[in-house]
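For reference, the chains in residue letters:
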Protein chains: 2
Amino acid sequence: MPAEIIDGRAVAKRLQAEIGEHVKDFVASAGAAPGLGVVLVGDDPASAMYVRMKRRACERVGIHSEAHILPASATQQEVESAIRAFNCDQSIHGILVQLPMPDHIDEEAALNVVGLAKDVDGIHPVNLGLLGMRGREPSFTPATPTGVMILINETGAQIEGAEAVVIGRSNIVGLPVALMLANANATVTICHSRTRDLAKVVKRADILVAAVGRAEYVQGDWLKPGAVVIDVGSNSVPAPESEKGYRYVGDVDFEAARSVAGHITKVPGGVGPMTITMLLANTLKAAQRSLAVAS
Amino acid sequence: MPAEIIDGRAVAKRLQAEIGEHVKDFVASAGAAPGLGVVLVGDDPASAMYVRMKRRACERVGIHSEAHILPASATQQEVESAIRAFNCDQSIHGILVQLPMPDHIDEEAALNVVGLAKDVDGIHPVNLGLLGMRGREPSFTPATPTGVMILINETGAQIEGAEAVVIGRSNIVGLPVALMLANANATVTICHSRTRDLAKVVKRADILVAAVGRAEYVQGDWLKPGAVVIDVGSNSVPAPESEKGYRYVGDVDFEAARSVAGHITKVPGGVGPMTITMLLANTLKAAQRSLAVAS
């Protein structure tokens, strides 16, 4: 029996509809919409596309969005000033700094400027620390990892006591996903490029999260039969037959994996739509908190 | 062949001698000793003993130490004021808040008062976040986990690519040890009370760190032959034959484990002496930094 597909688009659509309802309630109370401020530096086409997608998603749910778009030649000070302006802007509740920024910008220093109350990406070091710590809560959980956790929960799989394997240890996906799975009482193994015999480690996984950034790297026969497979990868590969000449595939060999896994996400249409949805959810949350503080 | 004993006391003694030399150099440059400020609230005998041990260790290496000792009835504000006084005191380079504090004190809020430049315990959430993140560095690494890493390195075992298993996920030991092992390129599994079949998971470990706080919980036959076993536990158990009536044992059944492991720490005399040594090392580092800033 082939794996059940975890339909990230459908889940995202449902959640965005709910967010839209809450946004209406917020507007009714506050007299203004929740606001997302986006800082984009340079003219990378992929980044520009992501920013457009975020703006459209905001519009769909009624969130006000504003972008500070700076040229690739912008100085560190100009970038930080743009972020500070959003920090001080009462109509902006969440700030998203689109990465990567040009090489001459110190991303770490820039991201540290984002006020914690507006860190809707949840990637400030203090939020990562609080995410991992027992008995502490970050001001926001990071978007993609939160989306991953929701998709796992959608399958009905029990996380507590399960063996979870995370491939990749990036600051924005692998590491926080591992921390969130541990908080949900899974036994978590963190794998990476230096892991010996990755296939053997993957074989233990009741829940596998692949966030390694290598096209179709995880093979179907590595999987434990019935596993929940969440594929965070989005890798462009040549596709001469398509109009664009390329297509996106995940980190998992989907066709081979679906005959072994119990549940699996597709790429595209899996984690991607969830990331943007969680950004909207965090922006709404930031706005609701600002109202609670003001009242 | 029984396991080789990793002698934490000997390693600590060697490192403290080195720290003592560096302290002399510091005094020669700065005209004053590095300073550690300790905040102790209440009259818990174990806490009082730890504070005395820290003071004596400071004396041994030439670090100046000062304690603010508050009664168990101290208010949150009084505790935070004591910490703030150390933050402002130029003769104090590192601050240690002895835990646990009385129940009516909000430990999280109190610990957040410790200035990052003086967080020689390395337990501020931002330091934990930075510890886990790729390409980032905390201002200090936490004492016990740093000591654990040094003891592993003492064995000559290769961490990169090894399977490491950490039992326990506390904020001050289990979690940061797991992050440090992952940063050192081990494949790390985080286990805890909800882990199913812990014996099976432990069996994979080339490197095992037990920080679960249960006397002699890890059995000898759980271990992979030749494993490096670091026992962070320190549990008092009844010992009618001894004068005090109790003795300390680790989280690992030492006698059974030493016939299977390749290297193993003893309790006491393993990780304990390293914790205090790393606190001294961090205080020295804080003092050296303050000098670098001043010059």
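How each quantity is defined
- Residues numbered from 1 in each chain as written.
- Chains lettered and ligands numbered in written order.
- Predicted model: local features only at pLDDT ≥ 70, side-chain atom pairs only at ≥ 80, totals over all residues.
- Heavy atoms only, no water.
- Core = buried A, V, L, I, M, F, W, Y, C linked by side-chain atoms within 4.5 Å.
- Buried < 20%, exposed > 50% of the residue type's maximum accessible area, 1.4 Å probe, protein only.
- Contact = heavy atoms within 4.5 Å.
- Domains from an automatic or database assignment.
- Buried area = accessible area lost by both parts, 1.4 Å probe.
- Salt bridge = Lys/Arg side-chain N within 4 Å of Asp/Glu carboxyl O.
- Polar contact = N/O pair within 3.5 Å; in protein donor to acceptor, adjacent residues only side chain to side chain.
- Helix = DSSP H or I, 4+ residues; strand = E, 2+ residues; numbered from the N terminus.
- Nonpolar A, V, L, I, M, F, W, Y, C, P; charged D, E, K, R; others polar.
- Pairing = 2+ DSSP bridges.
- Phe/Tyr/Trp six-rings, centres within 6.5 Å; stacked < 30°, edge-to-face > 60°.
- Lys NZ or Arg CZ within 6 Å of the ring centre and 35° of its normal.
- Axes fitted to C-alpha atoms, helices over the stretch in contact; angles between N-to-C directions.
- Least-squares fit on C-alpha atoms with pLDDT ≥ 70 in both.

Colleague: If you had to explain the nonpolar core to someone new, which residues and values would you point to?
Modeller: Nonpolar side chains in soluble globular proteins tend to end up buried together. Among the nonpolar cores identified, the biggest contains 72 residues, and A:L181, A:V209, A:I230, B:L181, B:V209 and B:I230 are the most heavily contacted of them. The residues touching A:V209, leaving out its near neighbours within four places in the chain, are A:V148, A:I152, A:V165, A:V166, A:I167, A:V177, A:L181, A:I230 and A:V232.

Colleague: Go over the domain arrangement of chain A, please, and point to the residues and values.
Modeller: Taken domain by domain, chain A comprises domain 1 (31-115) and domain 2 (143-273). Inter-centroid distance (C-alpha atoms) of domain 1 of chain A to domain 2 of chain A is 29 Å.

Colleague: How would you explain the interface of chain A and chain B if you had to name every residue and give the values?
Modeller: Facing 38 residues of chain A, the contacting portion of chain B comprises 38 residues. Of the roughly 3,300 Å² buried where chain A meets chain B, counting both sides, 49% is carbon and sulfur surface. Counting across the chain A and chain B interface gives six salt bridges. When the shortest N-O distance is used, the salt bridge between B:E108 and A:R136 registers 3.5 Å. Across the contact surface, chain A and chain B share 21 residue pairs in polar contact (both at pLDDT 80 or more). Counting residues per element, the ones that place at least two in the side of chain A that touches chain B are α4 (107-113), α5 (125-132), α7 (174-183) and β6 (187-191) of chain A. Broken down by element, the side of chain A that touches chain B gets its largest block of residues, six residues, from α5(A). Its residues assigned to classes, the side of chain A that touches chain B shows 16 nonpolar, 13 polar and nine charged. Pairing of β6(A) with strand β6 (residues 187-191) of chain B involves three bridges; the strand directions are antiparallel. Each bridged residue has a counterpart across the sheet, and for A:T189 the counterpart in β6(B) is B:T189.

Colleague: Pulling in residues and values, what's your account of the packing of aromatic side chains?
Modeller: Residues and elements named next belong to chain A. All told, the structure shown has four aromatic pairs over all chains when counted by the stated rule. With a centroid separation of 5.7 Å and an interplanar angle of 85 degrees, the aromatic rings of Y217 and W222 are classed as edge-to-face. A residue is classified by how much of its surface remains accessible, and Y217, at 25% relative accessible area, is partly exposed. Over the face of the ring belonging to Y217 we find R214, whose NZ or CZ atom lies 4.1 Å from the ring centre.

Colleague: If you had to explain the sheet that holds strand β2 (residues 35-41) of chain B to someone new, which residues and values would you point to?
Modeller: All names here are of chain B. Taken in spatial order, the three strands line up as β3-β2-β4 in an open sheet, and their pairing is parallel. One side of each edge strand has no neighbouring strand; the edge strands of this open sheet are β3 (64-70) and β4 (94-97). For this sheet the average axis-to-axis angle between neighbouring strands, irrespective of direction, equals 20 degrees. Inspection of the sheet shows β2 paired to β3 by seven bridges, in the parallel sense. Bridging across to β3, L36 finds its partner in S65. Against the sheet, helix α2 (residues 45-61) makes contact with β2, β3 and β4, and its axis sits at roughly 170 degrees relative to β2, the strand it touches most. Here helix α3 (residues 76-88) sits on the sheet and contacts β2, β3 and β4; the angle it forms with β3, its principal contact strand, is near 165 degrees.

Colleague: Which residues make up the side chain of A:R136, and what values go with them?
Modeller: Looking at the element boundaries, A:R136 is found in the loop between α5 and α6 (143-154). Judged by its relative accessible area of 13%, A:R136 falls in the buried class. A polar contact of 3.5 Å, which involves the side chain of A:R136, links it to the side chain of B:E108. In this view, A:R136 contacts A:L130, B:E108, B:L111 and B:P125; residues no more than four positions away in its chain are not counted.

Colleague: Talk me through unusual backbone geometry; I want residue IDs and the actual numbers.
Modeller: A:L99 connects to A:P100 through a cis peptide bond whose omega is -5 degrees. One can find A:P100 in the loop between β4 (94-97) and α4. Residue A:D197 is not a glycine yet carries a positive backbone phi of 50 degrees. Within the secondary structure, A:D197 sits in the loop between β6 and α8 (198-202). Residue classification places A:D197 among the partly exposed positions, given a relative accessible area of 48%. In this model, B:E216 sits at a positive phi of 50 degrees, which is unusual for a non-glycine residue. Take B:E216: it is sitting in the loop between β7 (207-210) and β8 (228-231). Overall, the relative accessible area of 34% leaves B:E216 in the partly exposed class.

Colleague: Any chance you could break down the relation of the copies chain A and chain B for me, citing the residues and the numbers?
Modeller: When chain A is fitted to chain B, the best match, at an RMSD of 0.0 Å, comes from turning it 180 degrees and sliding it 0.0 Å along the axis. Accordingly, the operation relating the two chain copies is best matched by a two-fold axis. Interface residue correspondence from chain A to chain B reaches 100%, placing this contact among same-surface, isologous pairings.

Colleague: Could you give an account of the pairing of β6(B), naming the residues involved and the relevant values?
Modeller: All names here are of chain B. For β6, the buried fraction is high: five of the five residues fall into the buried class. Burial along β6 is two-sided: T187, T189 and C191 facing one way and V188 and I190 facing the other are all buried. Bridge analysis of strand β5 (residues 163-167) against β6 gives five bridges, and the strand direction is parallel. Within β6, the position partnered with E163 by the bridge is T187.

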